[in-house]
Amino acid sequence: MCGILGVQLLNGERVDRTLLNTMIGQLHHRGPDATGFYIDGPVGFAHARLSIIDLSGGHQPMHNEDQTVWITFNGEIFNYIELRNDLIQKGHRFRTQSDTEVIIHLYEEKGEDCVQYLNGQWAFAIWDKKRDKLFMSRDRLGVRPLFYSLTAGMLLFGSEIKALLAYPGLTREIDLQALDQLFTFWVTLPPRTIFKGISELPPGHSLVSERGQVTIRSYWNIDYNSSNDSMSEQEAAATLLELLTDATKIRLRSDVPVGAYLSGGLDSTVITALIKKVSVSRLKTFSISFEDKEFDESGFQQEASSFLQTDHHTVRCSTQDIGRVFPDVIWHTEKPILRTAPAPLFLLSKLVREQGYKVVLTGEGSDEMLGGYDIFKEAKIRKFWGAFPESKIRPLLLKRLYPYLENIQAQSPAYLKAFFHVRREDQLSPFFSHLPRWELTSKLKMFFSEDVKSELKGSDVYNDLRERLPSNYSKWDGFSQAQFLETMYLLPGYILSSQGDRMAMAHSVEGRFPFLDHRVVEFASSIPPALKMKVLNEKYILKQAVGDLVPVSIKKRPKQPYRAPEIKSFIGEDTNVVRHEYVEELLSTDRIQKDGIFNPGTVQKLIEKSRKGRAIGIKDNMAFVGILSTQLIVDQFVNRPIGGRQNGTAV
Amino acid sequence: MERQYERELRQYVIDNFLFGQGGSELKNDDSFMERGIIDSTGVLELVAFLEEKFQVKVEDEDLIPANLDSINNLLLYLKKKQPLKKSNAFIRIEGLAESA
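Residues numbered from 1 in each chain as written. Chains lettered and ligands numbered in written order. Predicted model: local features only at pLDDT ≥ 70, side-chain atom pairs only at ≥ 80, totals over all residues. Heavy atoms only, no water.

Notes on the overall build of chain A
Step number 1: In terms of helices and strands, chain A carries 29 helices and 17 strands.
Step number 2: Over its C-alpha atoms chain A spans a radius of gyration of 24 Å, differing by no more than 12% from the 26 Å that the globule rule assigns to 651 residues.
Step number 3: Per-residue burial over chain A gives 63% buried out of 651 residues.
Step number 4: Here chain A displays about 24300 Å² of accessible surface, and carbon together with sulfur accounts for 49% of that area.
Step number 5: Counting 80 positive and 79 negative side-chain charges, chain A places the centres of these two groups 3 Å from one another. (Helix = DSSP H or I, 4+ residues; strand = E, 2+ residues; numbered from the N terminus. Rg over C-alpha atoms; globule rule 2.2 N^0.38 Å. Buried < 20%, exposed > 50% of the residue type's maximum accessible area, 1.4 Å probe, protein only. Areas by Shrake-Rupley, 256 points an atom, 1.4 Å probe, with all protein chains shown as cover. Lys, Arg positive; Asp, Glu negative; His and termini not counted. Charge placed at Lys NZ, Arg CZ, Asp CG, Glu CD.)

Below, the structure is given as structure tokens:
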């Protein structure tokens, strides 16, 4: 796990090593163990290494036998042992024990198709000297990041945007279309990022730069067409367990110790249980507990830990802590966020690192692949109700859906009906499942300044998304469509990045996700939706598959989404004062006016409401976090030169 | 009285839900839900405001759009719900103090 970076000058000039050094310096947190460079005239690679496999031999950039193929690679290839054996039989000679070298030889053997054989999480670039070809690839689901910028005469790429923005003279400007997307979908739609001129290589895509031409191609797609309705419950459960066990087993391959996150929910408990099943060594597990009881799950964490006999460590997180680390969190997310949930994960990776660990397995991906999220359940209820709109009983199911949301519990049937109203046109929308979430989020655009609003007049974010849907999307059932939207957009754009890679790598920790093994993902997409969510029992097939490997109480507990305190983290509950100086400064009328994205008067009203303790709703909380994080992005990436921060600390 | 109620309700809706925006365009018969002014939390905020400001007790069965979904509906509702007389309010507070 590492940070990668590269420059290709299309005018043929030689890449300057000092420049590479400055840029890779921005990725020090991703790879504190070693730095390496490779320059071949107009092509330059840099690498910041976090040593995990082949500690002494795995230095990068790495080359093949005759130094005609070079690679800079971030990630892990979990089936590298099997691939290596195959390649040796085909006559390839290896100099190291690393997974990096396997990619090089596989590329020699298969060319760009090499990615089809990889089981893992990666972002890499290969320089093929003989063919004068630069080849880049990102893993199927977007676990590892890869950004690029194609400006006049130059291709830049890197693991994080900050490394690209460190290139002298590169434009540092907010892309308002991206902001429009983010304040609807919670993510920007790749290749768009929040910065003008900086793109993201979409998950499951490769990029080739050859003879002055850049081509981007998809090499993998998720498909729900093969959903096998005749699959029996026993068959599905048995295959799922077998695949998950192997996915966990190969993710324990490492030359440093591997730990696990244990949140107290089903998914991380399943992964921890599978680690215990396939490995004998003592396992360290890590979790977050909250001072605020509304968010705390320590009871379930302790139960899972003692059932599975792990050596458990917890970091206690207060609202003060979230407010304190929030600027660092945004420095790493490199995009605005609407929830504070990444902040505790930032603190958690710090704990992992302090315990001497570099690698953790987690339960990420299960909710997307096996139908765990409330949004799937909500859509199911709305659809059920839409079939008989006059029903007085059907809307009451919505209360059962959100036992942890007091606002919903307090609603009369008349209002429940009004809020979750299923319009005729909604039932025909390809985005039926996501409309309530996206419409609610879009309300936050009322805080945009008049200039931004007029700039965005006529822009249609739904159309941006519609254009990206695969041709067979309309043939899938509603449940699969909802799964697709979560898997393709929220998963890479928020869960795996802002909550995942960026928070873990901020403290040089690598996450590994058995549920995102592509064999598990492909199999899960073939399981009939009725087995994923049986009536309203989410992840039913997973619960069947794991049997008594996990405590009954964890299987039976109502699902609680992972959340963290929001406005409370920035404005004190008792004192009703703004707790942190930066919040005061970035949200001041002067600052909002100057930065130009939001309307100063409107923001002041929101702050007043928050100070009175009246901003209790989801919308107000999302607005506050969204505005503050956008202001932090502008402050850290646009207003100040990159490099104003050293080693992740604000100067 | 009604004028004053109307002013107070408008101001509240504009400050609290519209954050100061578009107040002049808000008509008295605009539906809060259709215009996206109020969400599920908004209803609860509104109820708390009515109870505090106008000293009415909003019963569970009153929680319907016909009572709460526009300035006009609110005015009608408040009219219907005779505000508690001052002496009654006083007794209620006394009662609370005693039970405490």
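Comments concerning the packing of helix 20 (residues 478–495) of chain A against helix 21 (residues 497–505) of chain A
Residues and elements named next belong to chain A.
Step number 1: Relative to each other, helix 20 and helix 21 sit at 35°, their axes nearing to 5 Å. Facing L491, P492, G493, Y494 and I495 of helix 20, the residues of helix 21 in contact are S497, S498, Q499 and G500.
Step number 2: Partitioned by chemical class, the residues of the contact of helix 20 with helix 21 number 4 nonpolar, 5 polar and no charged. (Axes fitted to C-alpha atoms, helices over the stretch in contact; angles between N-to-C directions. Contact = heavy atoms within 4.5 Å. Nonpolar A, V, L, I, M, F, W, Y, C, P; charged D, E, K, R; others polar.)

Structural notes on the state of the cysteines
Step number 1: Summed over the entire model, instances satisfying the criterion amount to 0 disulfides over all chains.
Step number 2: For C2 of chain A, which is in no disulfide, the shortest distance to another cysteine sulfur is to C114 of chain A and amounts to 18 Å. (Disulfide = S-S within 2.5 Å.)

Notes on the environment of L189 of chain A
Step number 1: Along the chain, L189 of chain A turns up in the loop between helix 5 (176–185) and strand 10 (199–200).
Step number 2: Setting aside residues no more than four positions away along its own chain, L189 of chain A makes contact with Q181, V461, D464, L465, R468 and Y489 of chain A.

Concerning the pairing of strand 14 (residues 284–290) of chain A
All names here are of chain A.
Step number 1: Among the 7 residues that make up strand 14, 7 are buried, leaving the element largely enclosed by the rest of the structure.
Step number 2: Burial along strand 14 is two-sided: the residues K284, F286, I288 and F290 and T285, S287 and S289 are all buried.
Step number 3: Where strand 13 (residues 258–261) and strand 14 come together, 2 bridges link them in parallel fashion. In the sheet register, A260 faces strand 14, and the bridge partner there is T285.
Step number 4: With 7 bridges connecting them, strand 14 and strand 15 (residues 311–317) associate as parallel partners. Each bridged residue has a counterpart across the sheet, and for S289 the counterpart in strand 15 is R316. (Pairing = 2+ DSSP bridges.)

Here we look at the environment of R84 of chain A
All names here are of chain A.
Step number 1: With respect to the secondary-structure elements, R84 resides in helix 2 (residues 80–89).
Step number 2: Linking R84 and F94, residues 10 residues apart in sequence, is a C-alpha distance of 8.5 Å.
Step number 3: In contact with R84, not counting residues within four places along its chain, are F94, T96, Q97 and V102.

Let's talk about the sheet that holds strand 5 (residues 69–77) of chain A
All names here are of chain A.
Step number 1: An order of 4-5-6-7-11-12 is seen for the 6 strands of this open sheet, with the pairing classed as antiparallel. Strand pairing shows two members of the sheet lacking a second neighbour, strand 4 (62–63) and strand 12 (213–218), which therefore form its edges.
Step number 2: Alignment of strand 7 (residues 133–138) against strand 11 (residues 205–210), held across 5 bridges, turns out to be antiparallel. Bridge assignment links F135 to a residue of strand 11, and that residue is V208.
Step number 3: Those strands touched by helix 3 (residues 99–110) are strand 4, strand 5, strand 6 (120–128) and strand 7, and its axis lies near 125° from that of strand 5.

Looking at the interface of chain A and chain B
Step number 1: Taken residue by residue, the interface counts 27 residues in chain A and 24 residues in chain B.
Step number 2: Approximately 2000 Å² of surface area, both sides summed, lies buried where chain A meets chain B, with 60% of it carried by carbon and sulfur atoms.
Step number 3: In this assembly, chain A and chain B are joined by 3 salt bridges.
Step number 4: The closest approach of N and O atoms between E45 of chain B and K609 of chain A, which form a salt bridge, is 2.7 Å. (Buried area = accessible area lost by both parts, 1.4 Å probe. Salt bridge = Lys/Arg side-chain N within 4 Å of Asp/Glu carboxyl O.)

Side note on the confidence of the model for chain B
Residue and element names in this part refer to chain B.
Step number 1: Of the residues in chain B, 81% have a pLDDT of 70 or more, and the chain-wide mean is 82.
Step number 2: Across chain B, the element-wise mean pLDDT spans from 39 in helix 5 (residues 86–99) up to 94 in helix 4 (residues 71–80).
Step number 3: Within the model, pLDDT remains below 50 along residues 85–100, and this stretch shows 2 contacts once partners closer than five positions in the same chain are excluded.
Step number 4: Listed scores for the predicted complex are pTM 0.93 and ipTM 0.80. (pLDDT = per-residue confidence, 0-100.)

What to know about helix 2 of chain A
All names here are of chain A.
Step number 1: Restricting attention to buried positions, one finds in helix 2 the residues Y80, L83, R84 and L87. Projection of helix 2 onto a plane perpendicular to its axis shows the buried side chains occupying an angular sector of 100°, all on one side.
Step number 2: Against strand 5 and helix 3 lie the buried residues of helix 2.
Step number 3: G91 sits one or two residues past helix 2 and shows a positive phi near 100°. (Arc of directions from axis to C-beta.)

What to know about the pairing of strand 13 of chain A
Residue and element names in this part refer to chain A.
Step number 1: The alternating pattern of strand 13 places V258 and A260 on one face and G259 and Y261 on the opposite face, and all of these are buried.
Step number 2: Bridge analysis of strand 13 against strand 16 (residues 359–361) gives 3 bridges, and the strand direction is parallel. Bridging from a neighbouring strand, G259 pairs with V360 of strand 16.

Some thoughts on the domain arrangement of chain A
All names here are of chain A.
Step number 1: Each assigned domain of chain A is listed here: domain 1 (2–218), domain 2 (227–370 + 489–556) and domain 3 (567–650).
Step number 2: Taken residue by residue, the interface counts 11 residues in domain 1 and 15 residues in domain 3.
Step number 3: For the pair domain 1 and domain 3, the two sides together bury roughly 1000 Å², of which 76% comes from carbon and sulfur.
Step number 4: If you sort the residues of domain 1 by the area they bury against domain 3, R172, I174 and F183 come out on top, with a joint share of 45%.
Step number 5: Where domain 1 touches domain 3, the interface holds 0 salt bridges.
Step number 6: Applying the counting rule to domain 1 against domain 3 returns 3 residue pairs in polar contact (both at pLDDT 80 or more).
Step number 7: Within the residue set of the side of domain 1 that touches domain 3, elements represented by two or more residues are helix 4 (161–165) and helix 5.
Step number 8: Each residue belonging to the side of domain 1 that touches domain 3 can be placed in one class, and the counts come to 7 nonpolar, 2 polar and 2 charged. (Domains from an automatic or database assignment. Polar contact = N/O pair within 3.5 Å; in protein donor to acceptor, adjacent residues only side chain to side chain.)

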